Amino acid sequence: MEESGSSTMDEAYDSNMDEVVVVPDCSKDLKPVVGQKFKSLDFCFAFYDVYARAVGFDTRKSQMRKTDGIITWYNVVCNREGSKKSSEDDQANARSGFSIKRRRLSKRCGCKASISFKFFSDGGVSGYTVEEFNEVHNHYMVGTEHQQFMSINRKLDDVHHQFILDCSKANIGPTLTFNVLKEILGGFQLVGCNVGDIRNASRDIKAYVHGIDVQMVLDDMARKKEMSEAFTYEYEVNASNQLVALFWCDGLMKRNYHMFGDIVAFDTTYNTNRYCMIFAPFTGKDNHGRPVTFAAGLVSNEKTGAFAWLFRHFVQCMGVAPKMIVTDQDLGMRSAIEEILVGTRHRWCMWHIMHKLANKVPGRLLRDEDFKKEFNACVWSDLLEPDEFEEEWNGVLERYDLEDHGWLKTLYDYRQLWIPAYFRDFPMGSMIRTTSISESENSFYKKFLKPRNNIAEFYLNFNQAVDFQRNSRTKLDYQDATALPILATALPFEKHASTLYTDSMFKKIQEEIVEGNDRCRVLDFSSADMVDTYKLGDSLRNSYFVRHDKSDESYSCDCKLFVRQGYLCSHIFFLFRNNEVKKIPDDYCASRWLKTPLAKAVHGHVDETLPTQSFVDERQNVSKQGISLFYGFLRRFETDIDVLRAFVGGLEELGNSLQAGTPLTSVSEKRRMIEQFYGMERPEVVEVHPPDVVKTKGHASSSASRLISKREKAIKDATRPLRRCKACDELCHHDSRNCPMLKELEMENELRKGKRKC
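Residues numbered from 1 in each chain as written. Predicted model: local features only at pLDDT ≥ 70, side-chain atom pairs only at ≥ 80, totals over all residues. Heavy atoms only, no water.

Enquirer: Quick one: what's the story with the overall build of the chain, residue by residue and with numbers?
Expert: Along the chain, the regular secondary structure elements total 27 helices and 22 strands. Taking all 758 residues of the chain together, the buried fraction comes to 41%. Taking the intrachain contacts of the chain between residues at least 6 apart in sequence as the baseline, contacts between residues at least 24 apart amount to 62%. On the chain, roughly 42,900 Å² of surface is accessible, and the fraction owed to carbon and sulfur atoms is 52%. (Helix = DSSP H or I, 4+ residues; strand = E, 2+ residues; numbered from the N terminus. Buried < 20%, exposed > 50% of the residue type's maximum accessible area, 1.4 Å probe, protein only. Contact = heavy atoms within 4.5 Å. Areas by Shrake-Rupley, 256 points an atom, 1.4 Å probe, with all protein chains shown as cover.)

Enquirer: Please give an account of a negative patch on the surface that cites residues and values.
Expert: A cluster of acidic residues, D387, E388, E391 and E392, forms a negative patch on the protein surface. Checked against the element boundaries, E388 lands in helix 15 (residues 386-399). (Patch = residues over 30% accessible without salt bridge, like charges linked within 9 Å, V, L, I, M, F, W, Y side chains within 5 Å. Salt bridge = Lys/Arg side-chain N within 4 Å of Asp/Glu carboxyl O. Lys, Arg positive; Asp, Glu negative; His and termini not counted. Charge placed at Lys NZ, Arg CZ, Asp CG, Glu CD.)

Enquirer: Before we move on, can you summarise the sheet that holds strand 17 (residues 521-528) with the specific residues and values?
Expert: Spatially, 17-18-19-20 is the arrangement adopted by the four strands of the open sheet, whose pairing is antiparallel. The sheet terminates laterally at strand 17 and strand 20 (554-557), the two strands that pair on one side only. Mean inter-strand twist for the sheet, computed between neighbouring axes without regard to direction, equals 20°. Judged from the four bridges that link them, strand 19 (residues 543-549) and strand 20 form a sheet pairing that is antiparallel. Its bridge partner lying in strand 20, H548 is registered against Y555. Along the sheet face, helix 22 (residues 570-578) touches strand 17, strand 18 (531-537), strand 19 and strand 20 and points at about 145° away from the line of strand 20. (Pairing = 2+ DSSP bridges. Axes fitted to C-alpha atoms, helices over the stretch in contact; angles between N-to-C directions.)

Enquirer: Outline the sheet that holds strand 4 (residues 37-38), supporting the account with residue identities and numerical values.
Expert: Taken together, five strands build an open sheet; the order of strands is 4-8-7-6-5 and the sheet is antiparallel. With partners counted over all chains shown, the strands left at the sheet margins are strand 4 and strand 5 (59-67), one partner each. With two bridges joining them, strand 4 and strand 8 (residues 125-134) adopt antiparallel strand pairing. Directly across from F38, in strand 8, lies its bridge partner Y128. Sitting on the sheet, helix 1 (residues 41-55) touches strand 4, strand 5, strand 6 (70-78), strand 7 (114-122) and strand 8, and the angle it makes with strand 6 is about 10°.

Enquirer: Which residues make up the side chain of R564, and what values do they have?
Expert: One can find R564 in helix 21 (residues 561-565). Judged by relative accessible area, R564 falls into the buried class, the value being 5%. Once you skip the residues sitting within four places of it in the chain, R564 turns out to touch D382, L383, R424, M428, G429, S430, M431 and C559.

Enquirer: Can you explain helix 22? Please cite residues and give values.
Expert: For helix 22, a buried count of seven out of nine residues is recorded, marking the element as mostly surrounded by other parts of the structure. Regarding helix 22, the residues found buried are S570, H571, I572, F573, F574, L575 and F576. Each element contacted by the buried residues of helix 22 is listed here: helix 19 (492-500), helix 20 (503-518), strand 17, strand 18, strand 19 and strand 20. Once helix 22 ends, the next one or two residues include E580, with phi positive near 55°.

Enquirer: Would you mind going over the pattern of salt bridges in detail, with residue names and values included?
Expert: Considering all chains together, one arrives at 21 salt bridges under this definition. Between E135 and K31 there is a salt bridge whose closest N-O contact spans 3.0 Å. Of this pair, E135 sits in the loop between strand 8 and helix 3 (158-169) while K31 sits in the loop between strand 3 (20-25) and strand 4, and the two are 104 residues apart along the sequence. The class of K31 is partly exposed, set by a relative accessible area of 22%. The salt bridge partner of R473 is D286, with a shortest N-O separation of 3.8 Å. Taken together, the positions of R473 in helix 18 (residues 455-482) and D286 in the loop between strand 13 (278-285) and strand 14 (291-299) put the pair 187 residues apart, joining distant regions of the chain.

Enquirer: Summarise the packing of aromatic side chains; cite the residues concerned and give the values.
Expert: In the structure shown here, the tally under the stated rule is 40 aromatic pairs. Centroid distance F493 to F573: 5.6 Å. Interplanar angle 10°. Geometry classified as stacked. Pair noted here: F493 is in helix 19 and F573 is in helix 22, with a separation of 80 residues, a long-range link. Just as F493 is buried, F573 falls in that class too. Put simply, the rings of F247, Y257, F266, F282, F294, F307, F311 and F314 touch in pairs and so form one group of aromatic residues. It is K37 that lies over the ring of F120; its NZ or CZ is 4.9 Å from the centre. Above the face of the F423 ring, R347 is positioned so that its terminal group lies 4.1 Å from the ring centre. (Phe/Tyr/Trp six-rings, centres within 6.5 Å; stacked < 30°, edge-to-face > 60°. Lys NZ or Arg CZ within 6 Å of the ring centre and 35° of its normal.)

Enquirer: For a nonpolar patch on the surface, give the residues involved together with the corresponding values.
Expert: Nonpolar side chains collect at one region of the surface, where L176, V180, I184, I627, F630, Y631 and L651 lie side by side and expose about 550 Å² of accessible area between them. Listing elements by their share of the nonpolar patch, those giving two or more residues are helix 4 (174-185) and helix 23 (618-636). Mapped onto the secondary structure, I184 falls in helix 4. Look at I184 and you get partly exposed, because its relative accessible area is 40%.

Enquirer: Tell me about the confidence of the model for the chain, and name the residues and values.
Expert: Parts of the model with low pLDDT should not have their predicted coordinates read in detail. Scored by pLDDT, the chain has a mean of 84; 88% of the residues are at 70 or more. For the stretch residues 1-17, pLDDT sits under 50, and the model shows 45 contacts to residues farther than four places along the chain or on other chains. Contacts for the low-pLDDT stretch residues 699-705, under 50 throughout, to residues beyond four places or in other chains number four contacts. (pLDDT = per-residue confidence, 0-100.)

Enquirer: Can you tell me about the pairing of strand 9 (residues 232-237), naming the residues and giving the values?
Expert: Here strand 9 pairs with strand 10 (residues 243-249) via six bridges, running antiparallel. Looking at strand 10, one finds that V237 is bridged to L243. Connecting strand 9 to the antiparallel partner strand 10 that follows it, the hairpin turn spans five residues, and N241 within it adopts a positive phi of roughly 60°.

Enquirer: Which residues make up the packing of helix 8 (residues 251-260) against helix 9 (residues 304-318), and what are the values?
Expert: In the contact formed by helix 8 and helix 9, the axes pass within 10 Å of each other and the chain directions differ by 85°. If you check the angle between helix 8 and helix 9, you find them roughly perpendicular. Every residue of helix 9 that contacts helix 8 at M253, K254, Y257 and H258 is listed here: F314, C317 and M318. (Parallel < 35°, antiparallel > 145°, perpendicular 65-115°, else oblique.)

Enquirer: Now, about the nonpolar core: what can you tell me, with residues and values included?
Expert: Counting residues in hydrophobic clusters, the biggest one holds 69 residues, and the most contacted among them are W248 and F311. Looking at this core, the element that brings in the most residues is helix 9, giving nine residues. Beyond its immediate chain neighbours, meaning those up to four positions away, W248 contacts M221, F231, T232, Y233, F279, A295, A296, G297, L298, F458, Y459 and F462. Counting residues in each nonpolar core, the second largest holds 68 residues, with M428, I432, F506 and F574 among its members. (Core = buried A, V, L, I, M, F, W, Y, C linked by side-chain atoms within 4.5 Å.)

Here you go:
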């Protein structure tokens, strides 16, 4: 005899000891009786589940009959009823080491235990009665220590669902969700589910919005537009009413653009939704030098028309175009910029160009450190003038015999679009010379966005990413307002700079001040017509002419750091020290790097009606406040069992009083919780449908038809473990099928055969 919970079992064996006969023993109140009546099938199932849980077996709904839409009969069996369908092939599969198909175990052993319920209607009263009840099993009941794994004991209640939804919002996967839930509830036995149940619940969240995710997002954007005129969204559909393009921007994004949107990076290398629509954020740098999102779009192709549509709505939304836009070398993007952003300077991302260098130039040069040093010094330098760059470029190509290299010729023809020398006189021209800020944004968004997200999930996670970004900036603003800077010198203008600039920028300015104070020296001096001209040398053995116009107390330097980056260079700070300047002149303080209360808009006046912080739902605030109070009370009184019992009893009483009269069904409650997760209501009418999966330029990266470059192959081989080749007996990345030694032997044999024939 074996015990299972509070129940016992009578076990007997037949004469051959082949079959187990088990009749579970439990309280008479729990055991079903033929003729027993219930109000509904739900009560029938609940009663039988209580019995099964008490004695230790799982149930499964098996068969049913319907008449005129009414279920007249229902049969529920032990979940070990029946047998595995492919049992005849299992032995052959096992003998082959499960090479035919994967190993799958089954619990089914032909158990006959079951119960059937029959519909009745008598005198206007209807319900269900127990028609047959077979309590004999042909297997042992599940032991107490294993009952937590039974399906009947794994039910996701409101606590589970809410916790899973919260973890999904935070991009926490099923396994980690289960581990945290286990710690909160007090152990594996008390979790009430497994990782698979949590994974299935997450699947249900996705399935809930299948086919309506786009409409949900558009309805939510329309609601935000009603609440705030500053919110802007535009979309485009095809002939089948499928989404092909979407653009959106909230009020705080607009404010940030007018404050910091002089130079914008536009990158379309993101692929973060299940439809493979291209995510195209407009990104810049804030006054802390951190990425800031100005707007975002989704497009279904990378043609000129799609980009022109995005740029057109971006300019209409902001009211003014950026001064410069940094992109990759996409021709469609370039045509769209020429068409829409007429007065905007276009710059190619240098990183994308230099990344291709390894595949374009001869391999011998990639191993030549002198070539790489000279080429990088020529291309990346901010200090060369255009004519100096052209001289350096031609010299490098001549020395390394690259004058006729086609790719380098093409780059030289378009040098005005990417070489820093041609942006030296452009305001803030060196602030963003690559889309690296977009690349860092890409890495940032990957923490929040997943490639298999539907549009509703994508939109939800994007908003969370932007909130995280904004919170980080607010934290930096707080540090600027409260933290005291560490000064490196006793110069008064350094202290003045610490009160003006954000800390991240002040550190760079401080380096220039220290460089000017300790390492700059005067090489030559001249004065004429109220203008003093200094020739200064620095620690890098560079020399620059610095001019001080005494008529208006203005300063300029040939290194042009102030023009390129927006803060003064070490050479001018050297003159400040010599001229005993106490404060940085106002002409050099009108910078985008000032602390937030002092920062000035790069696009002129900022509409004061634009919001200064993200919109917060009041319901969410109250809900989070309730959760905080609940956990705070538990932590405070967790050692007093009497107080905890009174607390739980009070919550149950309050819950029953709130639910009295209008109890929510499980379906409507589940719908409410999922809508709360998305923050969007399920639409009654679907006018805009999700797009088909689109194919972009990089779509073939996951296809076997894509040709892999030598560089990619080398990187892939470097990550693979070595194995011993049976042909050459070497540890390598090949085997006897593709051994180079064997190929050489085969070629030699063929040559010998050819000579013999001759």
